[in-house]
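Summary of the model geometry
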Amino acid sequence: MSSQLFRTSLRALVRPSLAKNVVAVSRITPRVMPAFQVARPFSSTFARMSTGSVDSDLVHKLDEELQYEKSNEESEPEFIKEFLEANSFKLEDKPGVDEVSLTRTFGNEKLHKLRDEGRIRVLFSISDINNTPSEGFLPEDDMIEPGNEEDEEIVSFPVRASVTIEKDGQGAVTIDTVAQDGEIVIESVMYYKDNKLANEQSAEADWQRRGLYIGPQFSELDENLQQLYERYLEERGINSALANFLPDYIEYKEQKEYIQWLDNMKKFVAA
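Description of the structure in this document. What you see is a predicted model; the values in this text were computed from it and never measured. Just so you know, the residues in each chain are numbered from 1, in the order the chain's sequence is written. Residue-level local features of this predicted model are given only where pLDDT is at least 70; pairs of side-chain atoms are given and counted only at 80 or more, and the full residue set underlies all totals for whole chains, interfaces and linings. Where side-chain values are given, they derive from all heavy atoms of the structure, hydrogens and water being excluded.

With that settled, consider the overall build of the protein chain. The helix count covers DSSP runs of H or I at least four residues long, the strand count covers runs of E at least two residues long, and both are numbered beginning at the N terminus. Each helix and strand counted, the protein chain has 7 helices and 6 strands in total. For the protein chain, the succession of helices and strands along the chain, N to C, is α-α-α-β-β-β-β-β-β-α-α-α-α. Exposure classes here rest on a 1.4 Å probe applied to the protein chains alone. A residue is buried below 20% of its type maximum, exposed above 50%, and partly exposed in between. When the 271 residues of the protein chain are sorted by exposure, 27% land in the buried category. Residue contacts follow a heavy-atom distance rule, with two residues in contact if any of their heavy atoms lie within 4.5 Å. A separation of at least 24 residues holds for 58% of the contacts in the protein chain among residues at least 6 apart in sequence. Only the protein chains shown count as cover for residues, and all accessible areas are computed by the Shrake-Rupley method using a 1.4 Å probe. Counting every atom, the protein chain has about 19500 Å² of accessible surface; 54% of that belongs to carbon and sulfur.

Right, here's the structure in full:
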């Protein structure tokens, strides 16, 4: 009898706490629902905003700039044809590519029969147009005498040009130069036993080149040796004519690429 009373009183003690837990759970459950309801309008709003409220203004401005540049666009300048014909170079310029190359052969070989033997390649980049000297290196206005404005020298930007000369079975030599103000200045001379390593543009080839001896500091070589290297390049068309051609061509190509960039951006934003 006493045991039955004990079990009855125990059930009475347990039931209220259990009931409280059930009530607590029932109170928590409805609170979760509004969170999902709030997320729905957020996702739909994000989808509507993906088109962008400024798109039409950006397209209009890009088109405005594009039409202006096209109105001032000129056909291929005459200096390009004149240089190529006078110096026997073949121009390799791919639209949308930053680097440009000039190739030729040395000797009696014809350009349309380019072979590894005696092949010369000059590689340069239009990004060098950003190397324009800063204002701090230009003459100040008060240093220019009145009436001599026309005599003021125009300072061109430096262009880095990598000259690679190959000979079949003999490897290749790469001469790093800087062209500016009508002059070619040699910075370094490096020899490669493998022609492929001198020309291949890959991460693996670049890694292999880093581990090679790059040659002595050119400015520390004997002056007579430096002069002979300069004459060596001049005989192969790496001369003042090339030094004047490079910055002019970079300006021409950069303008072409800029117009194409405007057109591509306009089409992309408008799509």
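So much for the structure itself; the text now carries on.
With that out of the way, let us pick up unusual backbone geometry. Although it is not a glycine, Ser 88 sits at a positive phi angle of roughly 60 degrees. In this structure, Ser 88 sits in the loop between α3 (78-87) and β1 (90-92). On the accessibility criterion, Ser 88 (33% relative accessible area) is partly exposed. The phi dihedral of Asp 181 is positive, around 55 degrees, even though this residue is not glycine. The residue Asp 181 is located in the loop between β5 (171-180) and β6 (183-192) in this model.

None of this, on its own, says anything about what the molecule does.
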